Amino acid sequence: MILDQFRLTGKVALVTGCRRGIGAAMTAALAEAGADIIGVSASLELAGSDTGNMVAGLGRKFDAYQCDFSQREAIGEFVGAVKERHPFIDILVCNAGTIKRAPAAQHGDALWDEVMEVNLRAPFVLAREFGRDMIQRGSGKIIFTASLLSFQGGITVPGYAASKGGIAQLTMALSNEWAGRGVCVNAIAPGYISTDNTEALRGDTARSKAIEARIPAGRWGTPEDLKGATVFLASAASDYVSGTIVTVDGGWMGR
């Protein structure tokens, strides 16, 4: 039956940036579909977090980690710790990200480097390290969080736009190598979603209204709008889908 293909019972999903916003919604979706969760964020409480309590309330396991994805050494330590406790990850969701706003002429090296480390290098390292195990086993799902700025340039966020353009290319590059070995690699590009990352935009009344007016759906999205695409790309229902960037944008890219 088709609905059975969306079930994730018995699967283990690792979700970065799981503490709030889109990452928390993705985590909820995977747990609701039956997956146990390995959650990580820079400031995630190791016990008693809202995300962990939510997963536990659904009857699923939750293993919490902290990791600053701007620090290369911390990423290596995190990967080692996870592999020691979890011999195999079925689903990897690379969602953790950051955004630094400054006009390009004032966008300093430190801003650029931090954004690239968190948004592009860290997802590649995680995909490489956990993807290697997926290849050996012959199955796995990797989901990156891309952006509308994987396709467009944005305003005063040159590092963010470059990093999300890189995520789109990385999605296709890894898929080209791994799809034939049982590992599907895809990305979700959220539209304008009400989260902490878009607080500055939503606080600009004129810009917020202009954005909403351009969205065919007539509203900003919510993190919960990402749940369906997440379960689809994590499940057997998408076994012939790879190298794709799924936009969840209220129709923005079609306009």
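Look up: the structure comes first, before these words.
Quick summary incoming for the structure in this document. The structure displayed is predicted, hence computed values, not measured ones.

Cut-offs and rules
- Residues numbered from 1 in each chain as written.
- Predicted model: local features only at pLDDT ≥ 70, side-chain atom pairs only at ≥ 80, totals over all residues.
- Heavy atoms only, no water.
- Helix = DSSP H or I, 4+ residues; strand = E, 2+ residues; numbered from the N terminus.
- Buried < 20%, exposed > 50% of the residue type's maximum accessible area, 1.4 Å probe, protein only.
- Contact = heavy atoms within 4.5 Å.
- Areas by Shrake-Rupley, 256 points an atom, 1.4 Å probe, with all protein chains shown as cover.
- Pairing = 2+ DSSP bridges.
- Axes fitted to C-alpha atoms, helices over the stretch in contact; angles between N-to-C directions.
- 1 Å grid on protein atoms, 1.4 Å probe; cavity = no way out; pocket = protein on both sides within 12 Å on 5 of 7 lines; lining within 4 Å.
- Points joined across faces, edges and corners; volume = space filled by probe spheres on them.
- Nonpolar A, V, L, I, M, F, W, Y, C, P; charged D, E, K, R; others polar.
- Phe/Tyr/Trp six-rings, centres within 6.5 Å; stacked < 30°, edge-to-face > 60°.

**Re the overall build of the protein chain**
Now for step 1: When helices and strands are tallied, the protein chain shows 8 helices and 7 strands.
Now for step 2: A principal-axis box enclosing the C-alpha atoms of the protein chain has dimensions of 50 × 45 × 40 Å.
Now for step 3: A burial count over the protein chain gives 51% of its 255 residues as buried.
Now for step 4: Intrachain contacts of the protein chain at a sequence separation of at least 6 include 74% that bridge at least 24 residues.
Now for step 5: Just so you have it, the protein chain exposes about 11600 Å², and 50% of that area is on carbon and sulfur atoms.

**As for the sheet that holds strand β4 (residues 91-94)**
Now for step 1: In spatial order, the strands read β3-β2-β1-β4-β5-β6-β7; together these 7 strands make up an open sheet with parallel pairing. Only two strands of the sheet have a single partner each, and these edge strands are β3 (62-66) and β7 (245-248). Averaged over all pairs of adjacent strands, the angle between their axes in this sheet comes to 15 degrees, without regard to strand direction.
Now for step 2: Sheet topology places β4 next to strand β5 (residues 140-145); 4 bridges connect them, and they run parallel. Along β5, the bridge assignment pairs L92 with I142.

**Details of empty space enclosed by the protein**
Now for step 1: According to the stated counting rule, one finds 1 cavity of 30 Å³ or more in the structure shown.
Now for step 2: Size it by volume and the largest cavity reaches roughly 40 Å³.
Now for step 3: Ranked by the residues each element gives to the lining of the largest cavity, the list is headed by helix α4 (residues 109-137), at 4 residues.
Now for step 4: Within the lining of the largest cavity, the residues separate by chemical class into 7 nonpolar, 2 polar and no charged.

**Focus: the packing of aromatic side chains**
Now for step 1: Tallied over the full model, the rule gives 5 aromatic pairs.
Now for step 2: Between Y65 and F78 the ring centres are 5.6 Å apart and the planes differ by 80 degrees, which places this aromatic pair in the edge-to-face class. Pair noted here: Y65 is in strand β3 and F78 is in helix α3 (residues 72-85), with a separation of 13 residues, a long-range link.
Now for step 3: The class for Y65 is buried, based on a relative accessible area of 10%.
Now for step 4: The class for F78 is buried, based on a relative accessible area of 3%.

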